[in-house]
Amino acid sequence: MVGVSDAEPALTYFAEFGFTPVAKAELTASQANALYGVDSALTSWRLQNGEIDSHGLLRLLQWDEPTGPGVGLAPPETVGVRMAVMRTRDIFRLVDVFADLRDGAGEAWLLAGPVYDDLYNATEGAPSIVNRRVGVREMAVYGQWFSHVFFQRYGYVIPGYGMIGDHSPLGTSEFTHHDFFVAGNLGEVTDYYESVFGFVSENDPVIDGAWQPGPQAIFMMAPGRSHWYRGFVSPNNVSGKLKFFSLDGLHEADDRSERQRPGEIGITLHSLWTPRLDLVHRLAVEAGLAPGPITANEFEEPSFLLRGPDGAHWQLIQRESSVWPAVTEFQLLDVNN
């Protein structure tokens, strides 16, 4: 969910990435205050990329009176930064687009990368014209109100993970996962993603950093720089991953997490849907997360809000199923490109 003061430029912006509105709702200031704790009238748009509704949705929250500018344009590894990740057909086209926005239009964008990495160690033997390396090229784009990570695959596909249709002018997919830069011990502050939300932890918190080509480029890490990392995957979808990073005990962090809240500009909320909202609410109470009461959101969906110990704000939504069938089996399939 992205807070904005004027939705029209944002709707135009995300249309270029393949997102179109599928629902719209309005709340008075008193209604928005009761739901989100923000004393401002709200107009809300839900957008999706093509037909994909099982994951990777986007919501624009237009506040008549935003409470603040949000995290804003921040250096990589700033606590409170959120990054939305999408697959693309042509990453160098996006490099040119954002370079033009920065250099020609004078907009504030910080570009990091692109960089190549073989994430699955899938390249075998000596590279040649017929035995080409396998991997991804990725880049980050940090902005004042939205931050992206884009990746392009070479030599393989993962069905259900990053689906690009002809409706997307820039050849980009739904959001495949989200990155969170948070404070604290990752093993403690992210534990509720498994115990309450039901995600599956990919790993115990590990240190990665500037000796790895991907983190070095995406986070603009100086030699010797490092951070903690932990990832989660859904048991119900191969896509929709969550990735968390923290400097806890390693380096001093620029902390803007107090600006990371509903009512501010930028990526301030995330949402999950479940057919068992009462159960998730009970688990949140038992975990001491102090969730808000179950009430209807602006789209008349039963929902509740909580703020996790990692500083992330979540809206949990009651939903029986998606129209788009989620892919649950992870398959890495070779392609000849």
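Being a predicted model, the structure only gives us computed values, none of them experimental.

Student: Is there a simple way to think about the overall build of the chain in this case?
Tutor: If you tally the helices and strands in the chain, you get seven helices and 20 strands. Counting only C-alpha atoms, the chain reaches 65 × 40 × 40 Å along its principal axes. Pairs at least 24 apart in sequence give 69% of the contacts found in the chain among residues at least 6 apart. With 23 positive and 43 negative side-chain charges, the chain shows a separation of 3 Å between the mean positions of the two kinds.

Student: How should the sheet that holds strand β18 (residues 302-307) be read in this particular structure?
Tutor: One key point about sheets: their strands pair by backbone hydrogen bonds, in either a parallel or an antiparallel sense. If you walk across this open sheet you meet the four strands as β16-β19-β18-β17, and the pairing is mixed. Sheet topology places β16 (270-274) and β17 (295-296) at the edges, where each strand pairs with a single neighbour. Direction of pairing for β16 relative to strand β19 (residues 313-318): parallel, over a ladder of five bridges. Note that in β19 the partner of H270 across the bridge is W314. Along the sheet, helix α7 (residues 277-286) contacts β16, β18 and β19; its crossing angle with β18, the most-contacted strand, is approximately 20 degrees.

Student: Help me understand the side chain of S239, please; the structure alone is not making it clear to me.
Tutor: For S239, the position within the fold is in strand β14 (residues 237-246). Residue classification places S239 among the buried positions, given a relative accessible area of 2%. Engagement of the side chain of S239 in a polar contact is seen with the side chain of H55, the distance being 3.3 Å. S239 has contacts with H55, G160, Y161, E174, F175, T176 and S234, leaving out every residue within four places of it along the chain.

Student: Any chance you could explain the environment of V285 here in plain terms?
Tutor: On the secondary structure map, V285 appears in helix α7. Classification of V285 by relative accessible area gives partly exposed; the value is 47%. Distance in space between the C-alpha atoms of V285 and S5 is 33 Å, their sequence separation being 280 residues.

Student: Even after reading the chapter, I still don't get the nonpolar core, so can you show me in this structure?
Tutor: Counting residues in hydrophobic clusters, the biggest one holds 29 residues, and the most contacted among them are F14, F17 and F150. Of all the secondary-structure elements, those providing two or more residues to this core are β1 (2-4), α1 (7-15), β3 (42-49), β4 (58-63), β5 (82-88), α3 (91-103), β6 (109-117) and β7 (135-143). For F150, the contacting residues outside a window of four places in its chain are F17, M86, T88, I91, L94, F98, R137, E138, M139, V141 and T172. In terms of nonpolar packing, the next biggest core, distinct from the first, is built from 24 residues, F181, Y229, V238 and L247 among them.

Student: What's the story with helix α2 (residues 29-36) in this structure? I'm lost.
Tutor: All of the buried residues along α2 are A32, L35 and Y36. Each buried residue of α2 sits inside an arc of 75 degrees when the element is viewed along its axis, so together they form one side. α2 presents S30 and A34 as exposed residues on the side facing more than 90 degrees away from its buried surface. Where the residues of α2 are buried, they touch β2 (19-27), β3, β4, β17, β18 and β19. Looking one or two places after α2, you find G37, whose phi comes out positive at around 75 degrees.

Student: How should I be thinking about the packing of aromatic side chains in this particular structure?
Tutor: For any pair of aromatic rings, the description consists of the separation of the ring centres together with the inter-plane angle of the planes. Under the defined criterion, the tally for this structure stands at 31 aromatic pairs. Ring centres of Y13 and F14 lie 5.1 Å apart, and the angle between their planes is 90 degrees; on these two criteria the pair is classed as edge-to-face. Across the pair, F14 and Y13 agree in class, each one buried. Grouped by ring-pair contacts, the aromatic residues Y13, F14, F17, F19, F98, W109, W145, F146, F150 and F175 constitute a single cluster. One Lys or Arg, R133, reaches over the ring of Y116 and ends 4.0 Å from the middle of that ring.

Student: Please clarify how the pattern of salt bridges should be interpreted in this entry.
Tutor: One side chain can pair with another of opposite charge once the charged atoms of both are near each other. Counted according to the given criterion, the structure contains eleven salt bridges. Two residues, E202 and K241, come together in a salt bridge whose shortest N-O distance is 3.5 Å. Here the residue E202 occupies a position in the loop between β11 (200-201) and β12 (206-209), and K241 occupies one in strand β14, the gap between them amounting to 39 residues. Classification of E202 as partly exposed rests on a relative accessible area of 40%.

Here is what the cut-offs are and how they apply
Each chain has its residues counted from 1, running along the sequence as written. The predicted origin of the model limits local features to residues at a pLDDT of at least 70 and limits the giving and counting of side-chain atom pairs to 80 or more, whereas totals for whole chains, interfaces and linings rest on all residues. Hydrogens and water molecules were not included; the side-chain quantities draw on all heavy atoms of the structure. Helix and strand assignments come from DSSP, with helices taken as H or I runs of at least 4 residues and strands as E runs of at least 2, each series counted from the N terminus. Should any heavy atoms of two residues lie within 4.5 Å, those residues are considered in contact. By the counting scheme adopted, Arg and Lys are positive, Glu and Asp are negative, and His together with the chain ends is not counted. For the purpose of locating charges, the reference atoms are NZ of Lys, CZ of Arg, CG of Asp and CD of Glu. Strand pairing requires that DSSP identify at least two bridges connecting the strands. Convention adopted: a line fitted to C-alpha atoms gives each axis, helices being fitted over their contacting stretch, and angles between N-to-C directions are expressed from 0 to 180 degrees. Three exposure classes are used, based on accessible area relative to the maximum for each residue type with a 1.4 Å probe and protein chains only: buried under 20%, partly exposed in between, and exposed over 50%. Any N or O atom pair separated by 3.5 Å or less is treated as a polar contact, with the protein-specific requirement of one donor-capable and one acceptor-capable atom, and with residues adjacent in sequence counted only for side-chain atom pairs. Put simply, a nonpolar core is a bunch of buried Ala, Val, Leu, Ile, Met, Phe, Trp, Tyr and Cys residues held in one set by side-chain atoms that sit within 4.5 Å of each other. Taken from the helix axis, the directions to the C-beta atoms give the arc we talk about. Aromatic rings from Phe, Tyr and Trp, taking only the six-membered ring of Trp, are treated as a pair when their centres fall within 6.5 Å; an angle between ring planes under 30 degrees marks them as stacked, one over 60 as edge-to-face, and anything in between as tilted. We count a charge as sitting over a ring when the NZ of a lysine or the CZ of an arginine lies within 6 Å of the ring centre and within 35 degrees of the ring normal. Salt bridges are defined by distance alone: a side-chain nitrogen of Lys or Arg within 4 Å of a carboxyl oxygen of Asp or Glu.

Everything listed here is a matter of geometry and, on its own, says nothing about what the molecule does.
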